[in-house]
Amino acid sequence: MKKITIILPIHKLEDDDQMMLKNAVYSINDFHNDVKLMIVCPESLNTKIESVKLSNKLETKILYNKTHKTDFASQINMGIKDCDTEWFSILEIDDEYKPIWLSSMNEYMNRFTDVNIFLPIVKDVNVEGKFLNFANESVWAYGFSKKQGYLDNEILLEFQNYQTSGGLFKTEVVKENGLFKDNIKLTFTYEFLLRLTLNGAIIMTVPRSGYQHVQFRENSLFWQYKHDEKEVLSEDEVKFWVDTAKKEYFFKNKRDIKYVKE
Amino acid sequence: MDNKQANIELFESAIDRLEKKESVIYFLVYDTKGNARAAIKHIYDMALALKEKGYNAQILVEEKKYDGVKSWLGDIYDSLPIVSIKDGKTLINIDDIIVVPEQYSNILPQLSNIKSIKIMLVQQKEYMFETLAIGSRWSDFGCTKCITTTDAAKEYILDYFPESTVYLIPPYIGNNFVPTEDPIKPFIAISCRDRVQHRKIISEFYIKFPQLRWITFRDMVQMSYMEFSDVLKECMVSIWIDDESTFGTFPLESMKCDVPVVGKIPDTEPDWLSENGLWTYNGNKIVELLGAYVLAWVDGVILTDEVKEKMKSAVLPYNKEYHNERTLSIFESLLSQRNETIKNSLEKLKTEIK
């Protein structure tokens, strides 16, 4: 029985997206003994997705989203709810796992049995694949967190830049503590980590670069926040969503939140 | 009683002590004031190997107040008696041995009238002449025997003191140095003789590889022996810069833990040096090599079995069994030669009296 579900949410599937999807799926092909793939996508994409030749090796499930909420957080939540494995991970369509991901995660999972979430070191690259920076690595810096290698609530309150994609999450712990809050813009992963650490989840970074993330790909969610006229976030709004995350993490379920321009 | 009769008694009691293994083997050591020193451990190891075989090995120190090695080596050397030169009770007989480390070359003139076996112990060949009067030789003070730790050091000693008999006793790398079963941590063990170099390497590394500022350097000083091995084994790589090194204990300890070494080749190449690490003659290349290795490690590169095998082979000869065997055989042969010499002298003296 597979122990990890990799949840891959898809919002749309143009030609470029299909290439990226193939690439993302290819990056987990060699993990087929331990992982299964769950693609979550709007029902409207059923013909398109079924025409994409993915992997013969991977156990793959396509979960069609019949609701109108096809944003990243909502689709991940659908995947988590449907997940029947002990662990799950999140793969973004334009990202990829590195070959070291599974073996390094297994090594740490077997040794640190009390840890609920393992984050890899994420290598952020630009669209040309050029290295920009690492993410999740700072917890290993001497004197940074209370326990070297671990991410705690206190650190999160000060630093927001932790990547959940590529992380390995204990399904039960996440289901118990609530899923992503899809009404929080920009900082929904931040709020999620704050909430998990508040409720005692133990988060550790595996000091290996197991995941590659493309930053600011055109039309990606975060690109839109910066460049799309309809979606662009002002400085005030960014601050609002950071502050919101810091308030909302005390609540398991989402509450009504609305940003009102002053 | 005339001199000859007195000498007969002296020789007879010396033979008696030698045969009962009561002759003292003094190992002169300096006080490290609780700081770990591989050179001192090596001396204690030789003494212990002899003590465990029933020889009367003792640690000889200068001052009455001596901190000892318990704080950093634990209690395994507790059986070794410690005697001080300054308590005035130390009597060195003709059947005794005194082992003098190179730092104490300056006491050789004081030992010149003592007829015991005198052995120089050279672990740092660079310091061989440091306290020896300029232009003088060990043999000027009746010392023609030497123990050292490497072939290169032996060659060097024989080049300057060809009249010496040089024995090799390399230190051994303890069995507490084993690969960890836990995941390796993003730590770099750093060992530089010069603290200026130490700071320079760390600063250069963080400046040249700002994306690796989260990597921790572990300063391998002021730790007990066990703590030292525990810290070393969890590191991903170690750095070694010690131009004056003769033997090179730290890189071997590192290799025994399966921790690869990025190192500057010292002025005297260690006997064990081969393709068993990332070695360079150019100190300015160290940071570059280190950065490349760390980035590869973060990306998931693991040591190949071939590299591990080379590291294992480098350490293989430096085990406790070999060390103890060698120590015993050298000291036993020295004591046995001395026994023969005294017996011959006694025989000669008795013949003269008749």
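Just so it is clear, the structure is predicted and the values come from calculations on it, not from any experiment. (Residues numbered from 1 in each chain as written. Chains lettered and ligands numbered in written order. Predicted model: local features only at pLDDT ≥ 70, side-chain atom pairs only at ≥ 80, totals over all residues.)

*Asks:* Mind showing me how you'd approach the sheet that holds strand 11 (residues 261–264) of chain B here?
*Replies:* All names here are of chain B. Taken together, five strands build an open sheet; the order of strands is 9-8-10-11-12 and the sheet is parallel. Both outer strands of the open sheet, strand 9 (216–219) and strand 12 (278–280), are each paired with one neighbouring strand and no more. Averaged over all pairs of adjacent strands, the angle between strand axes in this sheet comes to 20°, irrespective of strand direction. Looking at chain direction, strand 11 and strand 12 are connected through three bridges and run parallel. Within strand 12, the position partnered with valine 262 by the bridge is leucine 278. (Pairing = 2+ DSSP bridges. Helix = DSSP H or I, 4+ residues; strand = E, 2+ residues; numbered from the N terminus. Axes fitted to C-alpha atoms, helices over the stretch in contact; angles between N-to-C directions.)

*Asks:* Just checking my understanding: could you explain the nonpolar core for this structure?
*Replies:* Side chains that are nonpolar tend, in soluble globular proteins, to be buried together. Counting 105 residues, the largest nonpolar core has Ile6, Ile7 and Leu8 of chain A together with Ile239 of chain B as the members making the most contacts within it. What isoleucine 7 of chain A contacts, discounting residues up to four positions off in sequence, is Met38, Val40, Ile76, Gly79, Ile80, Phe88 and Ile90 of chain A. One finds Leu18, Tyr44, Tyr104 and Phe331 of chain B within the second-largest nonpolar core, a separate group that totals 46 residues. (Core = buried A, V, L, I, M, F, W, Y, C linked by C-beta atoms within 7 Å. Buried ≥ 20, exposed ≤ 12 C-beta atoms within 10 Å, placed from the backbone. Contact = placed C-beta atoms within 7 Å.)

*Asks:* So what exactly am I meant to see when it comes to the sheet that holds strand 3 (residues 82–84) of chain B here?
*Replies:* The pairing of strands in a sheet happens through backbone hydrogen bonds and is either parallel or antiparallel. All names here are of chain B. Taking strand neighbours across the sheet as the criterion, the seven strands line up as 3-2-1-4-5-6-7 in an open arrangement whose pairing is parallel. Because the sheet does not close on itself, it has two edges, and the strands there are strand 3 and strand 7 (165–168). Sheet twist, expressed as the mean angle between neighbouring strand axes with direction ignored, is 30°. Here strand 1 (residues 24–28) pairs with strand 4 (residues 97–101) via three bridges, running parallel. Across the sheet, residue tyrosine 26 finds its bridge partner in strand 4, namely isoleucine 98.

*Asks:* In this structure, what is going on with the pairing of strand 8 (residues 187–192) of chain B? I would like to understand it.
*Replies:* Residues and elements named next belong to chain B. With six of six residues buried, strand 8 is to be regarded as a mostly interior element. Covered by surrounding structure in strand 8 are Phe187, Ala189 and Ser191 together with Ile188, Ile190 and Cys192, the residues of both alternating faces. Pairing between strand 8 and strand 9: four bridges, direction parallel. Its bridge partner being in strand 9, isoleucine 188 is matched across the sheet by phenylalanine 217. In terms of handedness, the path from strand 8 via helix 6 (residues 195–208) over to strand 9 forms a crossover that is right-handed. Two elements, strand 8 and strand 10 (residues 237–241), share five bridges in a ladder whose sense is parallel. Directly across from alanine 189, in strand 10, lies its bridge partner serine 238. (Right-handed = clockwise from strand over helix to strand, strands pointing away.)

*Asks:* I'm lost on the domain arrangement of chain B in this one. Help?
*Replies:* All names here are of chain B. Entries for chain B in the domain assignment read domain 1 (3–172 + 319–353) and domain 2 (187–315). Placing a centre on the C-alpha atoms of domain 1 and another on those of domain 2 gives a separation of 34 Å. Listed by partner, the interface residues are 18 residues for domain 1 and 14 residues for domain 2. When residues of the side of domain 1 that touches domain 2 are traced back to their parent elements, those giving at least two are helix 3 (70–73) and helix 5 (151–160). (Domains from an automatic or database assignment.)

*Asks:* Sorry if this is basic, but what is going on with the environment of lysine 350 of chain B here?
*Replies:* You can see lysine 350 of chain B is positioned in helix 11 (residues 320–353). Considering only alpha carbons, one finds lysine 350 of chain B and lysine 4 of chain B, 346 residues apart in sequence, at a separation of 8.6 Å.

*Asks:* Looking at this model, I keep getting lost on the interface of chain A and chain B. Mind explaining?
*Replies:* Residue-level contacts link 18 residues of chain A with eleven residues of chain B. Sorting the residues of the side of chain A that touches chain B by element identifies helix 4 (100–111), strand 7 (131–135) and strand 10 (203–214) of chain A as the ones contributing at least two each. By residue number, the principal contributor to the side of chain A that touches chain B is helix 4 of chain A, which donates five residues. The residue inventory of the side of chain A that touches chain B, partitioned by class, reads nine nonpolar, four polar and five charged. (Nonpolar A, V, L, I, M, F, W, Y, C, P; charged D, E, K, R; others polar.)

*Asks:* Looking at this structure, I do not really get the environment of valine 315 of chain B. What am I missing?
*Replies:* Residue and element names in this part refer to chain B. In this fold, valine 315 is placed in helix 10 (residues 305–315). Classification of valine 315 as buried rests on a count of 20 C-beta atoms within 10 Å. Separated by 151 residues in sequence, valine 315 and serine 164 place their C-alpha atoms 29 Å apart.

*Asks:* Please explain the packing of helix 2 (residues 38–52) of chain B against helix 11 of chain B as it appears in this structure.
*Replies:* The relative placement of two packed helices comes down to the angle between their axes together with the axis-to-axis distance. Residue and element names in this part refer to chain B. Contact pair helix 2 / helix 11: the axes reach a minimum separation of 9 Å and the direction vectors enclose 70°. As judged from the angle between their axes, helix 2 and helix 11 are roughly perpendicular. Between helix 2 and helix 11, the contacting residues are Asp45, Met46, Ala49 and Leu50 on the first element and His323, Asn324, Thr327, Leu328 and Phe331 on the second. Across the contact of helix 2 with helix 11, the residue classes break down as five nonpolar, three polar and one charged. (Parallel < 35°, antiparallel > 145°, perpendicular 65-115°, else oblique.)

*Asks:* For this particular structure, what's the right way to read unusual backbone geometry?
*Replies:* Residue and element names in this part refer to chain B. The phi dihedral of lysine 21 falls on the positive side, at around 60°, and the residue is not glycine. Tracing the backbone shows lysine 21 in the loop between helix 1 (3–19) and strand 1. On the neighbour-count criterion, lysine 21 (14 C-beta atoms within 10 Å) is partly exposed. The phi angle at glutamine 222 is positive, at roughly 50°, despite the residue not being glycine. Structurally, the position occupied by glutamine 222 is in the loop between strand 9 and helix 7 (225–233). Since 11 C-beta atoms lie within 10 Å of it, glutamine 222 is described here as exposed.

*Asks:* Could you clarify how one ought to interpret the confidence of the model for chain B in this entry?
*Replies:* A low pLDDT means the predicted coordinates there should not be read in detail. Mean pLDDT for chain B: 94, with 100% of residues reaching 70 or above. Among the prediction metrics, the complex's ipTM stands at 0.91, with pTM recorded as 0.91. (pLDDT = per-residue confidence, 0-100.)

*Asks:* Can you help me understand helix 7 (residues 188–198) of chain A in this one?
*Replies:* Because each turn of an α-helix spans 3.6 residues, side chains separated by three or four positions end up pointing in the same direction. In terms of burial, helix 7 of chain A is a largely internal element, ten of the eleven residues being buried. Note on helix 7 of chain A: the residue one or two positions beyond its end, glycine 200 of chain A, has a positive phi of about 90°.

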